[in-house]
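Okay, here's what each chain looks like letter by letter:
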Amino acid sequence: MSVHSPLILWLALSAVMSSVLGLVEDLDRPLFGPPGSPMRLQESDPGVKRAVLFAEERYNKGSNAMHLRKVSRLISATKQLVKGIRYTLTVELSNTQCKKSAMLRTCDFYPESQKLKTEICMFEVWDIPWQGTSTLLKQKCQPKGEPEGEETNKVEDSFNSQALEESVELLGQFKEFVVKYNKVYSSQEEADRRLRVFHENLKTAAKLQSLDQGSAEYGVTKFSDLTEGEFYSTYLNPMLSESTLHRPMKPAAPAQGPAPDSWDWRDKGAVGPVKNQGMCGSCWAFSVIGNIEGQWFLKNGTLLSLSEQELVDCDGLDQACRGGLPSNAYEALEKLGGLETESDYSYTGHKQTCDFTPGKVVAYINSSVELSKDEKEIAAWLAENGPVSVALNAFAMQFYRKGVSHPLKIFCNPWMIDHAVLLVGYGERKGIPFWAIKNSWGEDYGEQGYYYLYRGSNACGINKMCSSAVVN
């Protein structure tokens, strides 16, 4: 595929100019396209009704408001087949007269408009009918604004110099992205689609940038040609937010002393090089293995590179590239009897037949513990005991480049965790407290493979699922 192709450039320019004219975002425009494209749905569609009820339930579960809020108007709804069905809903959400504790079957809206406190919300619900599961991928809400001014029939000159300059700049950015990350697309149509996705992702990154409360820089990353649904289904872990799947773990003994001002296990030799999970939702395995590598080093003085593939293949409690839980992984390793090295059982990025050889075991664990959900206690425990397996909401991570990330809660809801990583340290940068997080998307992600997240506000749910193996 050559990005110099005149036809691709023409298609790309057309896509950009359509966006400039506002045609792409016309809610009344029907959607057509190949399998996998979004399809417009009516309010009467049974799937839409289920998705609306699920979104309402999750919204109210995560809200501290006294009264239940419900959808007062469905503005638009689409569905897209993405390893299941992804519903995108744009709705108006308003206060009812029912208190959450009332558990009434019917709830009327307030008759007074000022008490409705209506919001415009966009929900994305990922439904997998054959598994009977639904997941809220995204929730964005803002107060309903004042009515827009009267429409006019005046049409601006669409091919003005500014629009043309923006089009050329976009194509230049896309070309640079394709070359840098060695992207190859199967057809001109696919290249054009990826350009449109790239353009939308630039807007998302710019929104994250404008609202970030830390020092992070967001922008083009190697994931910039993926839709949010593609990124989620390929690299993230839906099992982490399913609370019913979690088994109880033994609580960790609290740290013996307070946390030092800063700490970094990379400086102590307890953290190995950044690895790459590839196009496989096996982050849970990398998180757990990174923790065990640190625990083994602290008990035995040797930093080994241990096998994530052994967990992907042999952990019967989890779902390999379709997600898993650290608590399950510890239990599976105890039953297996130990871990082989990375070199003896190398990573392939897809599930294979279990090929575990007990005679090649070089490390083992005795049990596992769950840490406190208090960030100060987590820091103190980490400094005394080693790197910690954690999970978080990874929405902002798709476009993270460097700095201390501190997304608004609306972008990074703490009860929607979907990615497991390794907490290796903490500190401050120019007065901004941070967690240092070892990721598993390769060294060409973030800061040499690391993500830095604001510390002190339970950002992105970083405190929700902290655990560690125990090596006696």
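Computed from a predicted structure; not experimentally measured.

A. Layout of the overall build of the chain. On a plain count of helices and strands, the chain comes out with ten helices and 16 strands. Contacts in the chain between residues at least 24 apart in sequence constitute 73% of all its contacts with a sequence separation of at least 6. Summed over all atoms, the accessible surface of the chain reaches about 23,100 Å², with 52% contributed by carbon and sulfur.

B. Focus on helix 10 (residues 375-385). Within helix 10 the residues assigned to the buried category are Glu375, Ile378, Ala379, Ala380, Trp381, Leu382 and Ala383. The distance from a side-chain oxygen at the start of helix 10 to the backbone nitrogen of lysine 376 is 2.9 Å, and the residue carrying that oxygen is aspartate 374. Of the residues one or two after helix 10, glycine 386 is the one with positive phi, at around 120 degrees.

C. A look at helix 6 (residues 228-235). Burial within helix 6 is extensive, with eight of its eight residues counted as buried. Contact partners of the buried residues in helix 6: strand 3 (85-99), strand 4 (119-128), strand 5 (133-143), helix 5 (188-211) and strand 13 (419-429).

D. The state of the cysteines, seen in detail. The final tally for this structure, using the stated rule, is five disulfides. The partner cysteine of cysteine 121 in its disulfide is cysteine 141, sulfur to sulfur 2.1 Å. The sign of the S-S torsion, about 115 degrees, decides the handedness of the disulfide formed by cysteine 121 and cysteine 141: right-handed. Residue cysteine 121 is located in strand 4, and its partner cysteine 141 is located in strand 5; the two are separated by 20 residues in the primary sequence. The residues cysteine 121 and cysteine 141 share a single accessibility class, namely buried. Note that cysteine 412 is cross-linked by a disulfide to cysteine 460, the S-S spacing being 1.9 Å. Disulfide cysteine 412-cysteine 460: torsion about the S-S bond near 115 degrees, hence right-handed. Placement of cysteine 412 in the loop between strand 12 (404-405) and strand 13 and of cysteine 460 in the loop between strand 15 (450-454) and strand 16 (467-470) is noted, with a sequence separation of 48 residues between them. Each member of the pair, cysteine 412 as well as cysteine 460, carries the same accessibility label: buried. Cysteine pairing in the chain follows 1-2, 3-4, 5-7, 6-8, 9-10, where each cysteine in a disulfide is numbered by its order in the sequence. Among the cysteines around cysteine 283, which has no disulfide bond, cysteine 280 carries the closest sulfur, lying 9.0 Å off.

E. Main features of the side chain of glutamate 230. Mapping glutamate 230 onto the fold places it in helix 6. Since its relative accessible area comes to 19%, glutamate 230 is described here as buried. Separated by 3.3 Å, the side chains of glutamate 230 and arginine 193 make a polar contact.

F. The arrangement of the environment of alanine 320 in detail. The residue alanine 320 is located in the loop between helix 8 (308-314) and helix 9 (326-336) in this model. Accessibility expressed as a relative area gives 5% for alanine 320, which makes it buried. Alanine 320 sits 38 residues away from serine 282 along the chain, and the two C-alpha atoms are 6.1 Å apart.

G. Region of the structure containing the pairing of strand 2 (residues 67-81). Pairing geometry for strand 1 (residues 39-40) and strand 2, over two bridges, is antiparallel. Bridging across to strand 2, methionine 39 finds its partner in lysine 79. In this sheet, strand 3 lies alongside strand 2 in antiparallel orientation, the contact comprising twelve bridges. Of the residues in strand 3, the one forming a bridge with alanine 77 is leucine 89.

Cut-offs and rules
Residues numbered from 1 in each chain as written. Predicted model: local features only at pLDDT ≥ 70, side-chain atom pairs only at ≥ 80, totals over all residues. Heavy atoms only, no water. Helix = DSSP H or I, 4+ residues; strand = E, 2+ residues; numbered from the N terminus. Contact = heavy atoms within 4.5 Å. Areas by Shrake-Rupley, 256 points an atom, 1.4 Å probe, with all protein chains shown as cover. Buried < 20%, exposed > 50% of the residue type's maximum accessible area, 1.4 Å probe, protein only. Polar contact = N/O pair within 3.5 Å; in protein donor to acceptor, adjacent residues only side chain to side chain. Disulfide = S-S within 2.5 Å. Pairing = 2+ DSSP bridges.

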